[in-house]
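If you want the building blocks of each chain, they are given just below.
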Protein chains: 4
Amino acid sequence: MSSLEKVIELFKRFPGIGPRQAQRFVYFLLAMPPGFRKELAGAIASIGNDAKRCLECGRFFSGSKHTHCSICSDSARSAEQLLVVAKDIDLANVERSGLYSGRYFVLRGTIPVLSKEPNKYIATGALKKLVEARVEKGLREIILAFPANPDGEHTEREIRGLLSPITDKNNIIVSALGRGLSTGAELEYVDRDTIRGALQNRS
Amino acid sequence: MSSLEKVIELFKRFPGIGPRQAQRFVYFLLAMPPGFRKELAGAIASIGNDAKRCLECGRFFSGSKHTHCSICSDSARSAEQLLVVAKDIDLANVERSGLYSGRYFVLRGTIPVLSKEPNKYIATGALKKLVEARVEKGLREIILAFPANPDGEHTEREIRGLLSPITDKNNIIVSALGRGLSTGAELEYVDRDTIRGALQNRS
Amino acid sequence: MSSLEKVIELFKRFPGIGPRQAQRFVYFLLAMPPGFRKELAGAIASIGNDAKRCLECGRFFSGSKHTHCSICSDSARSAEQLLVVAKDIDLANVERSGLYSGRYFVLRGTIPVLSKEPNKYIATGALKKLVEARVEKGLREIILAFPANPDGEHTEREIRGLLSPITDKNNIIVSALGRGLSTGAELEYVDRDTIRGALQNRS
Amino acid sequence: MSSLEKVIELFKRFPGIGPRQAQRFVYFLLAMPPGFRKELAGAIASIGNDAKRCLECGRFFSGSKHTHCSICSDSARSAEQLLVVAKDIDLANVERSGLYSGRYFVLRGTIPVLSKEPNKYIATGALKKLVEARVEKGLREIILAFPANPDGEHTEREIRGLLSPITDKNNIIVSALGRGLSTGAELEYVDRDTIRGALQNRS
């Protein structure tokens, strides 16, 4: 297999990229100056060294000398709240909003409704340990921030159950993101669960 | 103009129907048995007689002998809440959910952000009168249920201002539908306002 | 069932119209002045009288005193070509282009690939009779203008077979619309059959 | 800038990739085993060495020892036809069809309708030289295979003009891909130019 074919094969494994798009990427790379390809190759090769999972929240961050990411190292962030998201990119979007100043944990996925071995796929063990460690730092609330779909709701129930021994004993609130009208939603089109959330969360 | 051309012209004025679709409707009608066209024509001609706006909520309902629709005539519905929607079809969707048992008012539109004469377009006068009348029936809360977009938010502000003399004096709460994750929403894609609502309305 | 509900039920049978859109149509009608509904009802009721199928091409046309549509009555149109389309609206689009000056026949559908009784659904008998009648008027070519999909191709084969006794005997050419690049097509995305047509029909 | 940020910046320059998708790519890469990133980086770095433009048709191909791609080196391919496409990926799609056995040239783009300096952007000089060289090898026809849109049509006219001194003198036919119904096209929806092509190319 030539390097062209190899690049196509590898790009085809990227999320949302089919064979046609992979081929288009290769033609794009070929049309770019050699410096661009060299820079990209170098950067891709080194993200593995530069990026590592934060020992606390589990998200990827860059900085080879540190074990904790900038958020988890920031003592100004509130120790009272812990927001649990499914994916790194969810955390990035919440952080970009500037509306949350507590701490995070990335679960690395949701638990499929029909899954038999959820713990195999997601970082439940690490979450449990983190919650135990944060209790004495003043943790008051765990906010479960999963997608508003069946897998997200299933994951919420499972995580509530998993954490209940610790949260019950220590009087820690476990909440979930509120349901309601997302930006752009029109009453005419929303479903029953959204109407329920929007009515309950009226203010 | 032949009746074919006239039907096409009239269908073109329907919401979301372009010239092509209008033409397709006419060919569909021609291909149906004459009884279908007769039935449709008869029903269209008589909805004007059969349907009228409810004197209370303002929505269209059928029933030539009544002045009030079945919801407004239903004494079992709570007199404490009044839900204000922009359109008849919004009311229909909320009612279908079975999650709300109070009373309704249809504003017949939203107030465009740049509008100079909002009262021309929407039933603000009728709303004001209704609220005054409902105060002595035990009204406790007015729920503004407008779309989660700029016009909807603008309408909410305007209606709050319009009603404040009455609601302030009578201690009536004015609330709005809660913002948050609509069904299917993923944290990765939602915008800042939705994150704000979802965080505020967590539970 | 009230007239409102009846109108919704009837609109739901229109092509491409679901329950939600049907409901929206009714609210639209209710919001229009009574004269609009009356005009629409009247026009729908009378298209059955005003429109009839042309005795020659089979398309619907308006004009109660005539048995033949304006195209079939127009002696200036070439008697040498007969274009066979699946639907009235196909004929309308070709005629609108102004690029064809021969005669038409509307087959009233295509023959599904798996159909067992094609003649039940489409006007094959009437086509056969028309072709026989047109032979002595100077017919030289029959152009089959069906959609570029499996049903269209199947229909083309069936109609060629059906007409072959007459066309063979009378030396009448049977052609089909050319395949190639439709407006907007890009070579990168087109399928094999389109490439074949585009290469064959290069000029 | 960290290597993570650099990779995001570089992916954002890929065709059709926005900031969000670029970020998703990085998280995907981080979640893959280090071997995957190493393999990808290596392959990207080496396509520049492995791939080069064919000295004849101008397309990218892999094979460091050759100056001509496998198609241009294949003496079994007809020397009578030369198909001129805008992009490498167009050539790939035609070649995949197996319907063409002549030779190719990649123009590296189309000429925008409003362009003042077309020769700056596309390989017109190389095309002219190739045509001159192929004349004595038996070239009989040049097939212009550009997209069916204004830029494609403009490019076709310009290239015809550019080549006319050579093609006129040597009696070489210059053709273009046929217009007509692309697979899936329905007569009801196609535009006038497509109807014209489909009627002209009927067979």
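Computed from a predicted model, the values in this text were never measured in an experiment.

Please provide a residue-by-residue account of helix α2 (residues 19-31) of chain C, values included.
With 13 residues, α2(C) should reach 18 Å at 1.5 Å per residue; the first-to-last C-alpha distance of 19 Å fits that figure. Within α2(C), burial applies to Q23(C), R24(C), F25(C), V26(C), L29(C) and L30(C). Those residues of α2(C) that are buried are in contact with α3 (34-50), β1 (51-53), β2 (60-62) and α4 (88-97) of chain B together with α1 (3-11) and α3 (34-50) of chain C.

If you had to explain the packing of helix α2 (residues 19-31) of chain A against helix α4 (residues 88-97) of chain D to someone new, which residues and values would you point to?
At a minimum axis separation of 10 Å, α2(A) and α4(D) run at an interaxial angle of 135°. Regarding the angle of α2(A) to α4(D), the classification is oblique. Contacts between α2(A) and α4(D) involve Q23(A), R24(A) and Y27(A) from the former and D88(D), I89(D) and A92(D) from the latter. Residues that form the contact of α2(A) with α4(D) fall into these classes: 3 nonpolar, 1 polar and 2 charged.

Residues and numbers for the interface of chain B and chain A, please.
At the interface, 42 residues of chain B touch 42 residues of chain A. Elements supplying a minimum of two residues to the side of chain B that touches chain A: α4, β5 (141-145), β6 (173-176) and α8 (192-200) of chain B. In terms of residues, the side of chain B that touches chain A owes the most to one element, α8(B), which gives 9 residues. Taken together, the residues of the side of chain B that touches chain A break down into 18 nonpolar, 14 polar and 10 charged.

I'd like to hear about unusual backbone geometry, residue by residue, with values.
Within the chain, R108(A) stands out as a residue other than glycine whose phi angle is a positive 65°. Looking at where R108(A) falls in the secondary structure, it is placed in the loop between β4 (103-106) and α5 (118-121). Residue class for R108(A) comes out partly exposed when judged on the 19 C-beta atoms lying within 10 Å of it. In this model, N171(D) sits at a positive phi of 60°, which is unusual for a non-glycine residue. Looking at the secondary structure, you find N171(D) in the loop between α7 (150-170) and β6 (173-176). Accessibility expressed as a C-beta count within 10 Å gives 8 for N171(D), which makes it exposed.

Describe the sheet that holds strand β3 (residues 81-85) of chain C, and please don't skip the residues or the numbers.
All names here are of chain C. An order of β4-β3-β5-β6 is seen for the 4 strands of this open sheet, with the pairing classed as parallel. For this open sheet the edge positions go to β4 (103-106) and β6 (173-176), each flanked by a neighbour on one side alone. Adjacent strand axes in the sheet meet at a mean angle of 25° when their direction is disregarded.

Calculation criteria
Residues numbered from 1 in each chain as written. Chains lettered and ligands numbered in written order. Predicted model: local features only at pLDDT ≥ 70, side-chain atom pairs only at ≥ 80, totals over all residues. Helix = DSSP H or I, 4+ residues; strand = E, 2+ residues; numbered from the N terminus. Expected span 1.5 Å × (residues − 1). Buried ≥ 20, exposed ≤ 12 C-beta atoms within 10 Å, placed from the backbone. Contact = placed C-beta atoms within 7 Å. Axes fitted to C-alpha atoms, helices over the stretch in contact; angles between N-to-C directions. Parallel < 35°, antiparallel > 145°, perpendicular 65-115°, else oblique. Nonpolar A, V, L, I, M, F, W, Y, C, P; charged D, E, K, R; others polar. Pairing = 2+ DSSP bridges.

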